There are 8 protein chains.
Amino acid sequence: MDKTELMNLLRAVESGSVTPEAAAAQIKAAPFEELGYAKVDHHRAVRQGVQEVIYGQGKTVEQIEGILTSMLESGCRDILITRLQPEKATALSEKFELEYNELAHIAIAAPVKERKLVGSVVVACGGTSDIPVCEEAAITAEVLGSRVHRMYDVGVSGLHRLLSQLDVLTTARAVVAVAGMEGALASVIGGLVDCPVIAVPTSVGYGASFGGVAALLAMLNSCASGVSVVNIDNGFGAGYLASMINKAEGVRE
Amino acid sequence: MDKTELMNLLRAVESGSVTPEAAAAQIKAAPFEELGYAKVDHHRAVRQGVQEVIYGQGKTVEQIEGILTSMLESGCRDILITRLQPEKATALSEKFELEYNELAHIAIAAPVKERKLVGSVVVACGGTSDIPVCEEAAITAEVLGSRVHRMYDVGVSGLHRLLSQLDVLTTARAVVAVAGMEGALASVIGGLVDCPVIAVPTSVGYGASFGGVAALLAMLNSCASGVSVVNIDNGFGAGYLASMINKAEGVRE
Amino acid sequence: MDKTELMNLLRAVESGSVTPEAAAAQIKAAPFEELGYAKVDHHRAVRQGVQEVIYGQGKTVEQIEGILTSMLESGCRDILITRLQPEKATALSEKFELEYNELAHIAIAAPVKERKLVGSVVVACGGTSDIPVCEEAAITAEVLGSRVHRMYDVGVSGLHRLLSQLDVLTTARAVVAVAGMEGALASVIGGLVDCPVIAVPTSVGYGASFGGVAALLAMLNSCASGVSVVNIDNGFGAGYLASMINKAEGVRE
Amino acid sequence: MDKTELMNLLRAVESGSVTPEAAAAQIKAAPFEELGYAKVDHHRAVRQGVQEVIYGQGKTVEQIEGILTSMLESGCRDILITRLQPEKATALSEKFELEYNELAHIAIAAPVKERKLVGSVVVACGGTSDIPVCEEAAITAEVLGSRVHRMYDVGVSGLHRLLSQLDVLTTARAVVAVAGMEGALASVIGGLVDCPVIAVPTSVGYGASFGGVAALLAMLNSCASGVSVVNIDNGFGAGYLASMINKAEGVRE
Amino acid sequence: MDKTELMNLLRAVESGSVTPEAAAAQIKAAPFEELGYAKVDHHRAVRQGVQEVIYGQGKTVEQIEGILTSMLESGCRDILITRLQPEKATALSEKFELEYNELAHIAIAAPVKERKLVGSVVVACGGTSDIPVCEEAAITAEVLGSRVHRMYDVGVSGLHRLLSQLDVLTTARAVVAVAGMEGALASVIGGLVDCPVIAVPTSVGYGASFGGVAALLAMLNSCASGVSVVNIDNGFGAGYLASMINKAEGVRE
Amino acid sequence: MDKTELMNLLRAVESGSVTPEAAAAQIKAAPFEELGYAKVDHHRAVRQGVQEVIYGQGKTVEQIEGILTSMLESGCRDILITRLQPEKATALSEKFELEYNELAHIAIAAPVKERKLVGSVVVACGGTSDIPVCEEAAITAEVLGSRVHRMYDVGVSGLHRLLSQLDVLTTARAVVAVAGMEGALASVIGGLVDCPVIAVPTSVGYGASFGGVAALLAMLNSCASGVSVVNIDNGFGAGYLASMINKAEGVRE
Amino acid sequence: MDKTELMNLLRAVESGSVTPEAAAAQIKAAPFEELGYAKVDHHRAVRQGVQEVIYGQGKTVEQIEGILTSMLESGCRDILITRLQPEKATALSEKFELEYNELAHIAIAAPVKERKLVGSVVVACGGTSDIPVCEEAAITAEVLGSRVHRMYDVGVSGLHRLLSQLDVLTTARAVVAVAGMEGALASVIGGLVDCPVIAVPTSVGYGASFGGVAALLAMLNSCASGVSVVNIDNGFGAGYLASMINKAEGVRE
Amino acid sequence: MDKTELMNLLRAVESGSVTPEAAAAQIKAAPFEELGYAKVDHHRAVRQGVQEVIYGQGKTVEQIEGILTSMLESGCRDILITRLQPEKATALSEKFELEYNELAHIAIAAPVKERKLVGSVVVACGGTSDIPVCEEAAITAEVLGSRVHRMYDVGVSGLHRLLSQLDVLTTARAVVAVAGMEGALASVIGGLVDCPVIAVPTSVGYGASFGGVAALLAMLNSCASGVSVVNIDNGFGAGYLASMINKAEGVRE
C-alpha cells in the first residue's frame, strides 16, 4: 500500500464513506489470499510489475494446484512454475494447460499463444552441461516479454567461439553469463560489452568446484565492471533480472 | 576491435591505402598504452561507454601518477580512483587536481565542475557503519552521471524507518542496498520495488559475520526477485552497475 | 541430585535409617534405567521439569520400543519421539498408541486426550517449504502445554503478509521464527515484538544456501535484540524453548 | 505503530480532529529522529519495552554524541553504549555523565543511581579469558533491571567447580553460558537446570577454535534442551535476552 | 629394515656369504608381496608390532580375497577387515572363516578362539547413535589383546549417568571417548581421569554438526589435558591407539 | 588464428585473391562446427597440439554421438571420452568402435591399433582405492603417446614399498602422484626425483578428508619443489599434462 | 571426589564424627580456591596426577600472580605457564623465580633444580620455523619428568635426514611429530615406529595452509595407525600427553 | 642414495675396501650438515638437479647466516633466499654479497655475474598488484637458467592486451600465469598455448577473494588442459617448475 493509496483511504474515512474499522481491515487484508500453507500475493503485479511466480521445489502437487487455481481465478495467465519435477508436471498437466521444459524443469501454466518479445537478452554458457540453467533463464525472460539469443558452449578455453559472435553480444541490452567450473566467462564477456552482465554460477563440475562455489567466488571477484551475481543455478533469477533491465523504459529528462 | 572496424581496416588493405604489416600492427598495438607495470586502456570508453577507472589498492603513488598522466594526455576528465589511502591522496593532490572523500577512500582527478545528473539511483544502508561503502557507490554513480538519493540507517529491525521513504524507493530506477550483519535489507527492499536491486554485503559486524560472508550468503539467497549481488564492500561496482541501468535508453520496437 | 536431596540422604545416613553403602548406591544408581544401548533418565522430569524426549534418528525400532516401555512403566504419558521415519512409526504403532505427523516426522506415544494449553507461542515461517520444521516446533510446544498460533508463508519479500497479523505477533509470549534461504524473517519479527524470538534456520534452499548455513549466519547476526538461534531444522529445540519461556511463572519480588 | 494506535488515529481522522495529511505525516514521521547518519528510534521503548541501545563500533565520537543528545532530550536515562573503545569513552565522558567498564568496553550514559533489580540471571563462563564477554552480558542485564550472579572459571574439565554452585544455578530464571574453545559449558549447564540457557561462544582460543567457530558449532549442536545461541562474543545480546526472560510476567489463565 | 638388519646384511656381504646383487635385491624386495593392485606388507608386524589391517572400503571382493590369501599363507590369524559392507562380508564368508559385526561393519578373518585380554580400555559414547563407531573401536582393541569396558549413552546433558561409573573410568589405562553433535564428552572425561583420552568425533547429528565437524573442532579445542583426536568416525584408529597405550610395557630405569 | 595466419590472410586480401568479406567470415567462422548444444573445435589440434577431448559427464548419449560424428568426419582417431558412465558407453559402443575402461570410466573411440609410446611417465598412488583415478591418468597419457609405468599402493606409511622402485622413479620424465587421505605421497616423491611431479588429490577417504580437500591442501602446501596440483580426482588433467611434459622437445640454443 | 573418598566421608557421617552439614560442605568446597576471576584447582594433582598448568594468554599479570601465589602456598613447584608473552614474563620474574623460554613463550615458576627424567620422548619437526612449538612440547615433557630427544628439520621432502635417526625413533616410547604446511611428517613417522605418535599441526606456512588447517587435515587423515592429533600449535598438549604415555606403568596381569 | 650408489658401496664392502661400519655410517651421515636448527642438504643438487633454496620466513638472521655459510663452504653460488624481509636482507648484506629485490622479497647470495639463459618462460599477470609474485617467479627462473618474458597487466577484462602478445605466448616453453581476484587468466592462456601453464593464485583482492581462495579454486577448475596450480602467492614454486620444464632435454627414442 503506497502513499497515494493510503491518502485516498484516509480521505474516504474523513468523508465518512469508509469506517475506520473497514479501513484498518483493508490495510491488513487486501493484498493476498490465505490458503493456510501459502498466501497468494495478488497485488504483486501492481507492486512489482510481474505477477507471482511459483517455486515448485518443496511444494506438493496439491499445494501447487491450490495456488494455480487461486491465480487463474484472479485472471493470471502465463504463470511460471520453476524447479518442478517431471512427475509433478505430469500430474498438473492433467488439470491445467501446461508447457513443460524437461531440461530446465520449468513449466508455464495457461500459456499465452503469441508473446510480443522486445529488446535483446543474450544467454551464454561455457559448456553443454550448463544448458539446463540457461534454458531456465531464457524461458523466464521470454515469458516476461524479452527476445532471447542463446549462445551455448562458448567457454573461455576456446575464445574464438565467443569472439565469433561479438556482434550479437555487443548489441544486447543485458547478458546472462552462465558458467560452472572456473566461472571465467562472466569476466571475459564483461570486458566486451557495455550492458549489465548477470553472472550465474552453476553446480556443474567436480572436486574443488564444490557444487558451484568456485564459479560463484570467481564471479563475485570479477575484474570487469557491470557484472553482478545471483545464486548458484539460479537461472530464473537471472532471466527475471535480465528481462527487467531489457524492458526498462529510457530515463527521461 | 569490433566487426565494423575490422571490415574497414580490411577494406583499406584491399584498396592499398594500408599495408598488411601496418594493419597487423594496428590490430595489436592500438587500444592501450604500455607503461610496463600497467597497460592503460584508452579504447575502453569506446568499447564499454565508460573510461578506465583506477583501482588504487596495491599501486604505488608513482604508478598511479603514470596512469593518470597517460589518461589526462588522452583527454580524460573526472577520473575515478578507488580504494585510495589518505596518504597517497595527499601525495597525488600535489600534482593533480583531486577531490577526495576520506570516508569512502575515493578520489576524482580533474573533476568536472557541473555534472548533468539524470534519473534516480537510491543508495540505502542498514546502519551507520555501512556509510563508507554507500558513499563509494553514491560518488561513483554521480561521477557517471546519475542522480543519487542517500537513505541511511534504515535497517530491517526498525521497518518504519524504511517504510517512511517508500515514495522515494518506488520511483527509483535502480537501488543499491548496502548491509552488513544479516544482510536482510536487500530482500525487504526487493519486495517493495519494481526496479533492479544491487545488493552489497559489507564487512561490518563481528563474530559469525565472518567479514561479510553472512550478509553475502543472505543476499545470494534473497527470496525477492530482481536482486543481484556484488563482492563484499564493493560499493564501486554497485554504483557503476546502478548507473549503467539508470542511464540505459529505453527499448525501442 | 540437588542440594536438598543430598542433605536429606546424608541426614538419613546420620540417623542410621540408611546405610552408607545404600546411600552410595542411591547416589549412583537411581536416576536412570540401564538398557545397555541407552540409559533412560527417569529423574529428568524432576530435574528439568520435562520428561525425556526420544530422538528417533539413528535408533532401531527395537531400541525405541525398549525406551518407550521403560518410560511407560515409570508412568510417562504424552511421550515425544522426534525425527521418526514413517516406516518406524508404522512398526511402533502396532504395539503402542501413537499419534504421528507425517510432515514433521514427529510422534506422540500414549497421547493425553485433552491438553490444557496456556499462553501464546507464535510459530511463523517464510515459505511453504518450511512448514515441516514449523510443525515439529508447534507440536512440541503443544505437547508441553503451550497454545500455538501458526503463521505460515509470511516471508520478508512480501511484508504486508506479515504486517497483517501484527496483533497476533505483538501479544505472543514467545515467537519461533523459521526460515531458510536468507533467514531475514527473524530480524524483521525481532524488530516488531517485545518477547524472545527463537530463530530456526532451515535447510530449505539450494546453491549458496549451503543446507541452511546462509540462514543460520543471518540469524546469528541479527541486528534485532532478543533473538537467539537453534540448530538448522531444529524445530523441536525451538518449540521446547518457546514453551519453557511461555509457561514460566512471573518473577516475584 | 500497532493496531490500537492505527485505529485511534483513523478515528481521529473520522471525527475531523486530525486531517488526512497530518495523519499520513504522523504515520511516517513520528517514530524516529533523522540525524542524517542515523535515525534515532524514539518509539522503540513503546514497541519493544526497551529503549534504543547504541552500538559503538564503527561510529565516530561525533555520531555517538548526536545520538546521545537526541535520546537525552527525549528523556532517556541509563543509556547503554556497547563496544565502545576506551579513547572514545574518554572523549564522551567530558560531555556526558558516563560509567565505563574497561574490560567489557561498555558504557552507561546518564546512569540511574539505584536500580531495582529483580529475579536471578546467572552469567557463567569456562575460563578467565571469557570474563570480558561475561561482564558485557552482566552489566546489560543489570541496567535492564535484573539481578545477576557471576559464576566465573567453571569450565567442564573440572566439573566440581561448577557442581559446587548447583544451588545458585538451579534457582536461576535464565542462565547465560559463556565459553570459548570447545564450548561444552552450555550443554553441561543445560542438563542441570530447568530454565532457558543462552549460550555465548567466545573468540577465546587459538588454532582450530577459528575465532569462536568451534564453540559456536558445539553450542548449536547442544544435546541439552532449552539451549539457544547468540553470535560469537555477543555478551550484550545474551544479557538482553536473559533479562527479557527473567523479567517476564507469568502466564495468566 | 632397521639399523641392525642393515649391519647384519652388510656383514654378510663382507664375509662373502651374500653377493652385493642379492643384498640389494633383499633391501628392496623383502618386505611385501606385490599383488598389482596392492603390496601386502608382511614385515609390518615386525616393524610396528601389529600385522596389516585391511581397509575394506573401495576394495573389491576379489582384491580383499587376494590380500587375505596372501596374509593367511604367511601365517596371519585374527585379521581385521574394517568398513566392510554386508554384501562383501557375505561373499567373503563363503571362502574364509569370518566373524562379522553388522553394526560396526568390521570383520575378523580366521579368528582366534580365546584371546588373552589384558589391562583396561574404556569405550564411552554420548548417545545410542554413536554405538557403531564404539563397536569398531572396541572390537579392534579386543582383537589386539585389550580388555574393553563399554560405557554407552553417557552424554554430558545428563552427567549423573557418567558419574555413576567413575570407578571404572578412573581405573582405565586408556579411554576412547566417542561423541557426535557437540562432542563435549571428551573434555568432561578428560577432566576426570589420569590416563590418555582418545577422542573420536562422529558424523551423528544434523544441520550445523556438518557431518562431524562440530564435534571434531570441539575435541581439538578441549580444555582438558591428555586428550588427542582421530578422524571423524575413525573407531578403528582410536581402538588401535588405545590398545597400543594399554598394552605398553612400563618405563624402566 | 595466430600472427602468421593473419598476415597471410591480409596479404591475400591485399593481392585481391580474397575479398574483405570472405576474410572477415574466415576469421570468425572457421575454427569450429556449430551443433547447437556444442561447438566442436576442429582447430584445437593445430592450436594446442592435441585434438578435442570429450568430457562425458552431463552430456546425453545423443550429444556425444553428435560430437563424435563431427570429429570422425574431420579425420580424428583415438578420441578420448572421459567420465563416461557405463550405460552410456554401452549405448555408444553400438554405433562406434569403443574401448572402455570400467574402472576409470574412460573410453577411446576409433582407437588406433598400435600406438608409438615414448619417454617415461610414472603414475603412482597411495592405496588400492586410488586406482580408478590413476587409470584415467595412465590411459590418457598412453593415448597421447607416452609410455607409462604404473606404481600402485606405495603409500607413505610403508616407505619401503616406494623406495624399492626408486630406479623407475628417478628415470621418469614426469610423475603423476595420486593420493587421497593425507596426500603426503606427492611431497615424498617430490623430494626423490628431479622431474615435474603432478599431484592429483582424490576423494578417497572419509570424515575430515572432506571429499579430497585434505589431500588437495596438503599437496598445495608441499614442501618439495617441482610439485604442482590439479583438481580433485582429475586423472585426465594430470595424464594430459604429464604427457605434454614427457613429450616436449629439448630446448635448443 | 572418587568413590572411596565418598564412602569414607559417608562412613564418618554414619559414625557421627562428621555432621551432614560439614559433609555437604566438604563435597562442595574442598577442591579449589576461589580467586573471583579463577578457581585454582588444588585437587588436580590427586585426580589427574599432574598439578594445574597456567594458560597465560588472556590473563593479566595480576591474575597470574594470584594463581601462582595460591599454588606456591599449597606447596606446588615446577609450575608451567604457557603462552606467556615476554613482557609478562619480565614482570613476573621480579616477584617469582622464573625460567623463561623466549622462543616457546613458556615459563617454569619455582623450578626444581635437578629433575629425574625417564623413558624417551622424541620431538621431531619438519622445518626450522616449527621449532617454537617443538620447544613448548619438549619443555613440558621435561618438566613432567620425561627424557626428550629433539629431532629438528627432518621434513619429508628430504627423507634421508629422518631415516638417518631411525635408531632414536624406533626406541622412543612416544613421538611428538610437529609439522606445518602439508603435515606429512606424522604419517611417515607413524609408518616407522611402534609407539603412539602425537601429531601437532603448526600455523607455519602461507596461502592455502590456512593457518595450519592443511596440516591439521592431513594429520587427521593419516594412513598410519597409532597417530592422533592435537590442536594447531598446541605443543603443550602434545608434550603433556607424550609424557603421560611415556611414564605410564606397564600393564600387570 | 640411489641404486647405483648403493651397488657401488656394497661392492666396496664386498671387496674389503670399505668396512660395514663405515658403509652404514656413510648411508646415514653423508647427505647433510647438522646445524641443530637445520640440516643443510648438500646432496640435493645431485639428487634433484638444483641446490637447496633457503626459505627465509620464520628463520632468524643468525640461522640464515649459518645455512649460507655452510652452503658457500661446500661451493654453492647463486643461492636463492625467498620471503626475506628487508631488514634481514640489510643485515645479511653486511656479511655476504647479496642482490635483493624489494618488491618480491627475494635475494640472491653470491650471485653469478653472467648467467647463460636458455629457452623461454613467460610470466604473465592480470594486474599491477600481482607484480611482486611475478617477480619472485621470474627471478627464480632466471637464477635457474631460464630466459624469461614478463607480460604484466593483461587481465581478461581487456582481452586485446593479452591477444596483442600472442606471438610471445605461443612460442613459450612454459607459462606462469599469475592472477588474484577471479583467476581467469590461467584458463584463457591455457586455451591459447600448447605448453604447460603453471597457475599461481595471488592474495590480491578483497571481500570474497578470501585471500586468494577464489583465484585458487578457479584455477583448479580450469576448463583448459595443461594447467596445474601451485599455492597462493607461491611465485618461487611456479618459477622453479617452469624452469624445470623449460630446460628439460627432449625425449629420445
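Residues numbered from 1 in each chain as written. Chains lettered and ligands numbered in written order. Predicted model: local features only at pLDDT ≥ 70, side-chain atom pairs only at ≥ 80, totals over all residues. Heavy atoms only, no water.

Chemist: Looking at this structure, I do not really get the overall build of chain A. What am I missing?
Modeler: Each helix and strand counted, chain A has 11 helices and 11 strands in total. With 253 residues in all, chain A has 66% of them scored as buried. The long-range fraction of contacts in chain A, counting pairs at least 24 apart against all pairs at least 6 apart in sequence, stands at 64%. As displayed, chain A offers around 8600 Å² of accessible surface, 52% of which is attributable to carbon and sulfur atoms. (Helix = DSSP H or I, 4+ residues; strand = E, 2+ residues; numbered from the N terminus. Buried < 20%, exposed > 50% of the residue type's maximum accessible area, 1.4 Å probe, protein only. Contact = heavy atoms within 4.5 Å. Areas by Shrake-Rupley, 256 points an atom, 1.4 Å probe, with all protein chains shown as cover.)

Chemist: What is the right way to look at the environment of Asp-167 of chain C in this model?
Modeler: When you line up the elements, Asp-167 of chain C lands in helix α8 (residues 166–170). Considering only alpha carbons, one finds Asp-167 of chain C and Val-193 of chain C, 26 residues apart in sequence, at a separation of 10.0 Å.

Chemist: Help me understand the pairing of strand β5 (residues 98–101) of chain G in this model?
Modeler: Each regular strand carries side chains that alternate between the two faces of the sheet. Residues and elements named next belong to chain G. Taken together, the 4 bridges between β5 and strand β6 (residues 106–109) define a ladder with antiparallel strand orientation. Residue pairing across strands places Asn-101 opposite Ile-106, the latter belonging to β6. Hairpin remark: β5 followed by β6, antiparallel, with 4 residues in the connecting loop; positive phi at His-105, about 55 degrees. (Pairing = 2+ DSSP bridges.)

Chemist: Please clarify how the relation of the copies chain D and chain B should be interpreted in this entry.
Modeler: Put simply, the two copies of the chain differ by a rotation about an axis and a shift along that axis. It takes a turn of 90 degrees to lay chain D on chain B, together with a shift of 0.1 Å along the axis; the resulting RMSD is 0.1 Å. The operation mapping one copy onto its partner corresponds to a four-fold rotation axis. Relative to the rotation axis, the C-alpha of Phe-210 of chain D is the closest in chain D, positioned 7.4 Å from it. (Least-squares fit on C-alpha atoms with pLDDT ≥ 70 in both.)

Chemist: It is not clear to me how the interface of chain D and chain C should be interpreted in this structure. Could you clarify?
Modeler: Often, the extent of an interface is quoted as the loss of accessible area upon association of its parts. Listed as interface residues are 42 residues of chain D and, on the opposing side, 42 residues of chain C. Interface area, chain D with chain C, both sides summed: about 3300 Å², of which 55% is carbon and sulfur. On inspection of chain D and its partner chain C, the count reaches 0 salt bridges. In this assembly, chain D and chain C are joined by 6 residue pairs in polar contact (both at pLDDT 80 or more). Elements that contribute at least two residues to the side of chain D that touches chain C include exactly α3 (44–48), β7 (118–125), α8 (166–170), α10 (213–220), β11 (227–229) and α11 (235–246) of chain D. In terms of residue count, α11 of chain D provides more of the side of chain D that touches chain C than any other element does, 6 residues in total. Among the residues making up the side of chain D that touches chain C, the classes are represented as 20 nonpolar, 12 polar and 10 charged. (Buried area = accessible area lost by both parts, 1.4 Å probe. Salt bridge = Lys/Arg side-chain N within 4 Å of Asp/Glu carboxyl O. Polar contact = N/O pair within 3.5 Å; in protein donor to acceptor, adjacent residues only side chain to side chain. Nonpolar A, V, L, I, M, F, W, Y, C, P; charged D, E, K, R; others polar.)

Chemist: In this structure, what is going on with the environment of Glu-62 of chain A? I would like to understand it.
Modeler: Relative to the helices and strands, Glu-62 of chain A resides in helix α4 (residues 61–73). The sequence separation of Glu-62 of chain A and Lys-88 of chain A amounts to 26 residues, and the corresponding C-alpha distance is 9.7 Å.

Chemist: I keep staring at the packing of helix α6 (residues 131–143) of chain B against helix α11 (residues 235–246) of chain B and nothing clicks. Help me out?
Modeler: Geometrically, a packed helix pair is captured by the angle between its two axes and the distance between the axes. All names here are of chain B. Between α6 and α11, the shortest axis-to-axis distance is 7 Å and the interhelical angle comes to 35 degrees. Considering the relative orientation of α6 and α11, their crossing is right-handed. Facing Val-133, Glu-136, Ala-137, Thr-140 and Ala-141 of α6, the residues of α11 in contact are Gly-235, Phe-236, Gly-239, Tyr-240 and Ser-243. (Axes fitted to C-alpha atoms, helices over the stretch in contact; angles between N-to-C directions. Left-handed = near helix turned anticlockwise from the far one by under 90°.)

Chemist: Help me understand the packing of aromatic side chains, please; the structure alone is not making it clear to me.
Modeler: The geometry of an aromatic ring pair is captured by two quantities: the separation of the ring centres and the angle between the planes. Applying the stated criterion to the full structure yields 16 aromatic pairs over all chains. Here the guanidinium or amino end of Arg-83 of chain A rests over the ring plane of Tyr-206 of chain C, the centre of that ring lying 3.6 Å away. (Phe/Tyr/Trp six-rings, centres within 6.5 Å; stacked < 30°, edge-to-face > 60°. Lys NZ or Arg CZ within 6 Å of the ring centre and 35° of its normal.)

Chemist: Could you clarify how one ought to interpret the pairing of strand β7 (residues 118–125) of chain C in this entry?
Modeler: All names here are of chain C. With 8 of 8 residues buried, β7 lies mostly within the body of the structure. Strand direction decides the pairing type here: β7 and strand β8 (residues 146–151), joined by 5 bridges, are parallel. The residue bridging Ala-124 from the neighbouring strand is Met-151, located in β8. Of the crossover connections in this fold, the one passing from β7 over helix α6 (residues 131–143) to the parallel β8 is right-handed. As paired strands, β7 and strand β9 (residues 174–179) are joined by 5 bridges and run parallel to one another. Its bridge partner being in β9, Cys-125 is matched across the sheet by Val-178. (Right-handed = clockwise from strand over helix to strand, strands pointing away.)

Chemist: Could you clarify how one ought to interpret the interface of chain D and chain B in this entry?
Modeler: With 22 residues of chain D at the contact, the number on the chain B side is 18 residues. Note on chain D versus chain B: buried area summed over both sides is about 1600 Å², and carbon and sulfur give 54% of it. Taken together, the connections running from chain D to chain B amount to 0 salt bridges. Summed over the shared surface of chain D and chain B, the result is 4 residue pairs in polar contact (both at pLDDT 80 or more). Elements supplying a minimum of two residues to the side of chain D that touches chain B: β1 (32–34), β2 (39–41) and α10 of chain D. When its residues are assigned to classes, the side of chain D that touches chain B shows 8 nonpolar, 6 polar and 8 charged.

Chemist: Any chance you could explain the domain arrangement of chain A here in plain terms?
Modeler: All names here are of chain A. Split into domains, chain A comes out as domain 1 (1–30), domain 2 (32–109) and domain 3 (118–246). Computed over C-alpha atoms, the centres of domain 2 and domain 3 are 26 Å apart. Taken together, the contact pairs 13 residues of domain 2 with 13 residues of domain 3. With both sides pooled, the region where domain 2 packs onto domain 3 buries about 1100 Å², and carbon together with sulfur makes up 70% of that total. When residues of domain 2 are sorted by the area they lose upon contact with domain 3, Leu-80, Arg-83 and Leu-103 head the list and together hold 36% of the total. At the boundary of domain 2 and domain 3, one finds 0 salt bridges. Counting across the domain 2 and domain 3 interface gives 1 residue pair in polar contact (both at pLDDT 80 or more). Along the lines of polarity and charge, the residues of the side of domain 2 that touches domain 3 split into 7 nonpolar, 3 polar and 3 charged. (Domains from an automatic or database assignment.)

Chemist: Mind showing me how you'd approach the confidence of the model for chain A here?
Modeler: Caution is warranted with low-pLDDT regions, since their predicted coordinates should not be read in detail. All names here are of chain A. When pLDDT is averaged along chain A, the result is 87, and 88% of the positions lie at 70 or above. When pLDDT is averaged over each element of chain A, strand β10 (residues 197–201) comes out on top at 97 and helix α3 (residues 44–48) at the bottom at 59. Across the whole predicted complex the pTM is 0.88, and at the interface the ipTM reaches 0.85. (pLDDT = per-residue confidence, 0-100.)

Chemist: Help me understand the sheet that holds strand β5 (residues 98–101) of chain H, please; the structure alone is not making it clear to me.
Modeler: Where strands meet in a sheet, backbone hydrogen bonds hold them as pairs that are either parallel or antiparallel. All names here are of chain H. Within the open sheet, the 4 strands sit side by side as β3-β4-β6-β5. Their pairing is mixed. Looking at strand neighbours, the two that pair on one side only are β3 (54–55) and β5, the edges of this open sheet. Against the sheet, helix α5 (residues 86–93) contacts β4 (79–82) and β5, and its axis sits at roughly 165 degrees relative to β5.

Chemist: What am I meant to see in helix α6 (residues 131–143) of chain F here?
Modeler: All names here are of chain F. Compared with the 18 Å implied by 1.5 Å per residue over 13 residues, the 18 Å span of α6 between its first and last C-alpha is a close match. Here α6 lies mainly inside the structure; 12 of its 13 residues are buried. Burial in α6 covers these residues: Ile-131, Val-133, Cys-134, Glu-135, Glu-136, Ala-137, Ala-138, Ile-139, Thr-140, Ala-141, Glu-142 and Val-143. Within two residues after α6, Gly-145 carries a phi angle of roughly 105 degrees, on the positive side. (Expected span 1.5 Å × (residues − 1).)

Chemist: Just to check I follow, could you spell out the sheet that holds strand β5 (residues 98–101) of chain D for this structure?
Modeler: If you trace the 4 strands from one edge of the open sheet to the other, you get β3-β4-β6-β5 (chain D), paired in mixed fashion. In this open sheet, the two edge strands, each paired with only one partner strand, are β3 (54–55) and β5 of chain D.

Chemist: Hey, could you run me through the pattern of salt bridges in this one?
Modeler: Think of it this way: side chains of opposite charge can pair up when their charged atoms draw near. Using the criterion set out here, one finds 43 salt bridges over all chains in the structure. With its nearest N and O atoms 3.1 Å apart, the salt bridge here joins Glu-97 of chain D to Lys-113 of chain D. One end of the pair, Glu-97 of chain D, is in the loop between α5 (86–93) and β5; the other, Lys-113 of chain D, is in the loop between β6 (106–109) and β7, with 16 residues separating them in the sequence. Residues participating in the shared-partner salt-bridge network are Glu-135, Glu-142 and Arg-150 of chain A.

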